[in-house]
Amino acid sequence: MTLTEYNFDGLAGPTHGYSGLSPGNLASERHAGASANPRAAALQGLGKMRFLTELGVHQAVLPPQPRPDVASLRRWGFSGSDAEVVARALACDETLVRWASSASAMWTANAATVAPSTDTSDGRLHLTVANLSSMVHRSLEAATTYRVLGRIFADEERFAVHEPLPGPGAFSDEGAANHCRLASDAGRVHLFAWGRSASGAARTAPRRYPARQTREASEAVARLNQVGDAALSWRQAPDGIDAGAFHTDVLALGNENVLLLHELAFVDAERLLGELGSRLGANFRACLARSDELPVADAVASYPFNSQLVTLPDRTMALVAPEEARQNPAALRYLERVQAQVPEVGRLCFVDVNASMKNGGGPACLRLRVPLCEDERNAVTARVFAGEALLSDLEAWVKRRYRDRFTLHDLADPEFLRELETALDELSTLLGLGSVYEFQRA
Ligand code: SUG
């Protein structure tokens, strides 16, 4: 059975902005309060999708979520009409409204963890929706993500969409950003990276910044996704997290038999590479960056490991890196070394996703990889696979419905709140998702 990887990209929502909501994500902290242009951010994301389709990569899209999340504001005790709820929350504590308005669902690498049907014991594609319980604004995504993925992967004979893990704290789960599937002729590995263990010793936990993924969550996801012996659970290096690598995909990136990593991505990197080599056989290739070649601060600031490493139709790979990595001499040298030394990597290219980078999201954060066989692809009836026609429709929708500026206080305007709902209503029709949002079901 041949699998084709579909990259499900998220789209910046109409309330995209920079609110400094993620401690330990240095870009998010640094850009707090920067002025926001949701329209340009969404068009930039669509530009990346178009670029990847032109490379021959299979592209799909996941929609933004309704924001502000008025239902959560109500659960936090505000009442009245939607506009009154928002106005009262704004008057009480703007942070609550920032949490409820974040367009963070655009980083779909955090939507779920995926296991293709070739790797699972029941032969179905499994997706476990991430609870994202470490950050308030991100935890608000899980319920809608579960509905959206359930709608897209509705065929229960072929697909299993699991609910977000219960038990925040001990089961904090960040989805595919802390998971990497590697495959060679000799075997497959699902590498699950975790930053802390609820039952483990705290002495090696990061000291400055929160570790978001727990070992307990990683192991639960491996069980739910039925990957059996292919699961390999490994700890993120606490020093990497403290340097700003809040997800593993900030310092490591894999595709098929190739793994690119910084020495601070995992504890005991050499032992990990030995284990992967023994499971994946002779054609496993790793390209490790040491701190003297690529200081971790440069890697975190310019995201060379948050590139997309994609297999092209001719079976060679392309490394699609953020522009910021081209501007950083150490990051660029490392990427050029990868291209020179890893024979599979035939192309190195750069995309501008700066509106996402300013919140700590590079090209790889913006997509959820879903490998599908042809029969599974055909079982998806929603219009989410992005060819030229859908990309043009989405661009027209963004130009029609998004503003080129957004501040929190715009939300006090009832007209704007209506505008936001109309936009998503129209989008859910465009994507053939039906009434998938809470406000459409009320
Ligand atoms: O969870 N940023 C996101 C970035 C997610 C990146 N994803 C991966 N590495 N896969 C986060 O920290 C910042 C939003 C703000 O500050 O307004 C934010 O949520």
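Residues numbered from 1 in each chain as written. Predicted model: local features only at pLDDT ≥ 70, side-chain atom pairs only at ≥ 80, totals over all residues. Heavy atoms only, no water.

Novice: Honestly, the packing of aromatic side chains in this entry has me stumped. Any pointers?
Specialist: Describing an aromatic ring pair means giving the distance of the ring centres and the angle of the ring planes. Scanning the entire structure with this criterion turns up nine aromatic pairs. Ring geometry for Phe 305 versus Tyr 334: centroids 5.1 Å apart, planes at 45°, classification tilted. In this pair, Phe 305 is assigned in the loop between helix H11 (296-302) and strand S12 (308-311) and Tyr 334 in helix H13 (residues 329-341), connecting sequence segments 29 residues apart. Accessibility classification places Phe 305 together with Tyr 334 in one group, the buried group. Judged by centre distance (6.1 Å) and plane angle (40°), the ring pair of Phe 406 and Phe 416 falls under tilted. Remark: Phe 416 occurs in helix H17 (residues 414-430) and Phe 406 occurs in the loop between helix H16 (388-401) and H17; sequence separation between them is ten residues. A relative accessible area of 2% means that Phe 416 is categorised as buried. Cation over ring: Arg 377 sits above Phe 385, and NZ or CZ is 3.7 Å from the ring centre. (Phe/Tyr/Trp six-rings, centres within 6.5 Å; stacked < 30°, edge-to-face > 60°. Helix = DSSP H or I, 4+ residues; strand = E, 2+ residues; numbered from the N terminus. Buried < 20%, exposed > 50% of the residue type's maximum accessible area, 1.4 Å probe, protein only. Lys NZ or Arg CZ within 6 Å of the ring centre and 35° of its normal.)

Novice: I would appreciate a short explanation of the layout of surface pockets in the present structure.
Specialist: Taking a probe equal in size to a water molecule and rolling it over the atoms shows the remaining empty space. In this structure, the largest pocket spans a volume of roughly 1,000 Å³. Along the wall of the largest pocket there are 48 residues; nearest its centre are Glu 5, Arg 181, Asn 255, Glu 256 and Arg 369. Mapped by element, the contributors of at least two residues to the lining of the largest pocket are strand S1 (4-10), strand S6 (179-183), strand S7 (188-194), strand S9 (252-255), S12 and strand S15 (367-372). Roughly 710 Å³ of internal volume is contained in the second largest pocket. At the level of elements, helix H3 (70-75), helix H4 (82-92), helix H6 (136-139), helix H7 (142-152), H17 and helix H18 (438-441) are the ones that each hand at least two residues to the lining of the second largest pocket. Here the element with the most residues in the lining of the second largest pocket is H17; it accounts for six residues. Split by residue class, the lining of the second largest pocket holds 16 nonpolar, five polar and nine charged. (1 Å grid on protein atoms, 1.4 Å probe; cavity = no way out; pocket = protein on both sides within 12 Å on 5 of 7 lines; lining within 4 Å. Points joined across faces, edges and corners; volume = space filled by probe spheres on them. Nonpolar A, V, L, I, M, F, W, Y, C, P; charged D, E, K, R; others polar.)

Novice: In this structure, what is going on with the packing of H16 against H17? I would like to understand it.
Specialist: Between two packed helices, the angle of one axis relative to the other and the distance separating the axes together describe the packing. Their axes nearest at 11 Å, the elements H16 and H17 cross at an angle of 170°. In terms of orientation, H16 and H17 fall into the roughly antiparallel class. The segment H16 lies against H17, with Leu 390, Asp 393, Leu 394, Trp 397, Arg 400 and Arg 401 engaging Glu 419, Thr 422, Ala 423, Leu 424, Glu 426, Leu 427 and Leu 430. Counted by class, the contact of H16 with H17 contains seven nonpolar, one polar and five charged residues. (Axes fitted to C-alpha atoms, helices over the stretch in contact; angles between N-to-C directions. Parallel < 35°, antiparallel > 145°, perpendicular 65-115°, else oblique. Contact = heavy atoms within 4.5 Å.)

Novice: For this particular structure, what's the right way to read the site of the ligand?
Specialist: Residues in close proximity to the ligand total 21 residues, the closest being Leu 21, Ser 22, His 137, Asp 249 and Cys 365. Classifying every residue of the shell around the ligand by side-chain character gives seven nonpolar, eleven polar and three charged. (Near = heavy atom within 4 Å.)

Novice: I keep staring at the pattern of salt bridges and nothing clicks. Help me out?
Specialist: Two side chains that carry opposite charge are able to pair once their charged atoms sit near each other. Evaluation of the coordinates by the stated rule reveals 29 salt bridges. A salt bridge links Glu 438 to Arg 75; its shortest N-O distance comes to 3.7 Å. Note that Glu 438 is positioned in helix H18 and Arg 75 in helix H3, a separation of 363 residues in sequence. Taking relative accessible area as the criterion, Glu 438 reaches 41% and is therefore assigned partly exposed. One salt bridge connects Arg 403 with Glu 419, and the closest N-O pair in it is separated by 3.0 Å. Of this pair, Arg 403 sits in the loop between H16 and H17 while Glu 419 sits in helix H17, and the two are 16 residues apart along the sequence. Residue Arg 403 is classed as partly exposed on the basis of its relative accessible area, which comes to 27%. (Salt bridge = Lys/Arg side-chain N within 4 Å of Asp/Glu carboxyl O.)

Keep in mind these values describe shape, not function.
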